[in-house]
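Single-letter residue listing:
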Amino acid sequence: MKLIVGLGNPGPEYNFTRHNVGFLTLDLYAKIHHLDWQKPKFGAIWTKDGDRILLKPQDFYNESGRAVQEFVHFYKLNTADILVICDDFDLNFGQIRYRAKGSSGGNNGLKSITSSLGTSDFPRLRVGTNNPSIRQKLGDTKFVLGKFTPDEREQLPNILQVTLARIEENL
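Residues numbered from 1 in each chain as written. Predicted model: local features only at pLDDT ≥ 70, side-chain atom pairs only at ≥ 80, totals over all residues. Heavy atoms only, no water.

In this section: the pattern of salt bridges. Taken as a whole, this structure holds nine salt bridges when the rule is applied. Note that Asp-27 and Lys-56 form a salt bridge whose closest N and O atoms lie 2.7 Å from each other. On the criterion of sequence distance, the pair formed by Asp-27 in helix α1 (residues 21-32) and Lys-56 in strand β4 (residues 52-57) is long-range, its members being 29 residues apart. Judged by its relative accessible area of 29%, Asp-27 falls in the partly exposed class. According to the relative accessible area criterion, Lys-56 is buried, its value standing at 9%. A salt bridge links Arg-135 to Asp-140; the nearest nitrogen and oxygen atoms lie 2.8 Å apart. Under the relative-accessibility criterion, Asp-140 is labelled partly exposed at 37%. Look at the salt bridges and you will find they share partners, linking Asp-90, Arg-135 and Asp-140 into a network. (Salt bridge = Lys/Arg side-chain N within 4 Å of Asp/Glu carboxyl O. Helix = DSSP H or I, 4+ residues; strand = E, 2+ residues; numbered from the N terminus. Buried < 20%, exposed > 50% of the residue type's maximum accessible area, 1.4 Å probe, protein only.)

Our focus in this paragraph is the packing of helix α2 (residues 65-74) against helix α3 (residues 108-117). In contact at an axis separation of 8 Å, α2 and α3 are set at 40 degrees when each is read in the N-to-C sense. With respect to α3, the axis of α2 lies oblique. Here α2 runs over α3; the crossing is right-handed. Between α2 and α3, the contacting residues are Gly-65, Arg-66, Val-68, Gln-69 and Val-72 on the first element and Ser-112, Ile-113, Ser-116 and Leu-117 on the second. (Axes fitted to C-alpha atoms, helices over the stretch in contact; angles between N-to-C directions. Parallel < 35°, antiparallel > 145°, perpendicular 65-115°, else oblique. Left-handed = near helix turned anticlockwise from the far one by under 90°. Contact = heavy atoms within 4.5 Å.)

Attention now goes to unusual backbone geometry. If a residue is not glycine, its phi is most likely negative; likewise, a peptide bond is most likely trans. Phi is positive for Phe-16, which is not a glycine, with a value near 60 degrees. Along the polypeptide, Phe-16 turns up in the loop between β1 (2-6) and α1. Positive phi, normally seen in glycine, also occurs at Lys-76, with a value near 50 degrees. Its place among the elements puts Lys-76 in the loop between α2 and β5 (82-92). Looking at Lys-76, the relative accessible area reads 71%, which means it is exposed.

What follows deals with the sheet that holds β4. Read across the open sheet, the seven strands follow the order β2-β3-β4-β1-β5-β7-β6; overall the sheet is mixed. Bordering the open sheet on either side are β2 (38-41) and β6 (96-99), each of which pairs with just one other strand. Strand-to-strand twist across the sheet, computed as the mean angle between neighbouring axes with direction ignored, equals 30 degrees. Across four bridges, β1 lies against β5 in parallel orientation. Bridging from a neighbouring strand, Leu-3 pairs with Ile-82 of β5. Those strands touched by α3 are β5 and β7 (124-130), and its axis lies near 145 degrees from that of β5. (Pairing = 2+ DSSP bridges.)

Along the polypeptide, Leu-54 turns up in strand β4. You can call Leu-54 buried: its relative accessible area is 0%. The spatial distance from the C-alpha of Leu-54 to the C-alpha of Leu-35 is 9.9 Å, given a sequence separation of 19 residues. Excluding anything up to four places from it in sequence, Leu-54 contacts Ile-4, Leu-26, Tyr-29, Trp-37, Ile-45, Trp-46 and Thr-47.

Examined against the element boundaries, Ser-64 turns out to sit in the loop between β4 and α2. For Ser-64, a relative accessible area of 0% translates into the label buried. Here Tyr-61 takes part through its backbone oxygen, which lies 2.7 Å from a polar atom of the side chain of Ser-64. If we ignore the near neighbours within four places in the chain, the residues touching Ser-64 are Leu-7, Pro-57, Ser-112 and Ile-113. (Polar contact = N/O pair within 3.5 Å; in protein donor to acceptor, adjacent residues only side chain to side chain.)

Next up, the structure:
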């Protein structure tokens, strides 16, 4: 059993924000595979595709660890069987980086998961969202909670497709 976690914030006001790249990726996965999201379980919306569970925690981004921990314990998963998809404003827009384990790199969602699991030894895909001129004007918090620009939104489908391919490579 594999657990694929997309990080984001719940609620329509956060749709197409940089912090919701994980949710967007899993929504595309579910659409392509004709999967329906199930009612919340352990604080997360989830669906299943064979031996894969897709998970969108419904706590806010910085508190994602609770739902992840609940699913890990319920399904008796090893941390190596988890893949977390999150945004990274230190990576160039559209750049994707895989790590089998490592630090949070300042990402509060990863910090929450690390704290809840008691380890940072879980795989993650970081999707670059950096736009230096906008980030400098808004500051980090408003930047990650901000919507993608029209140009970025135009590029998103390709970036999400590449992210899905990286999921397949790393599971």
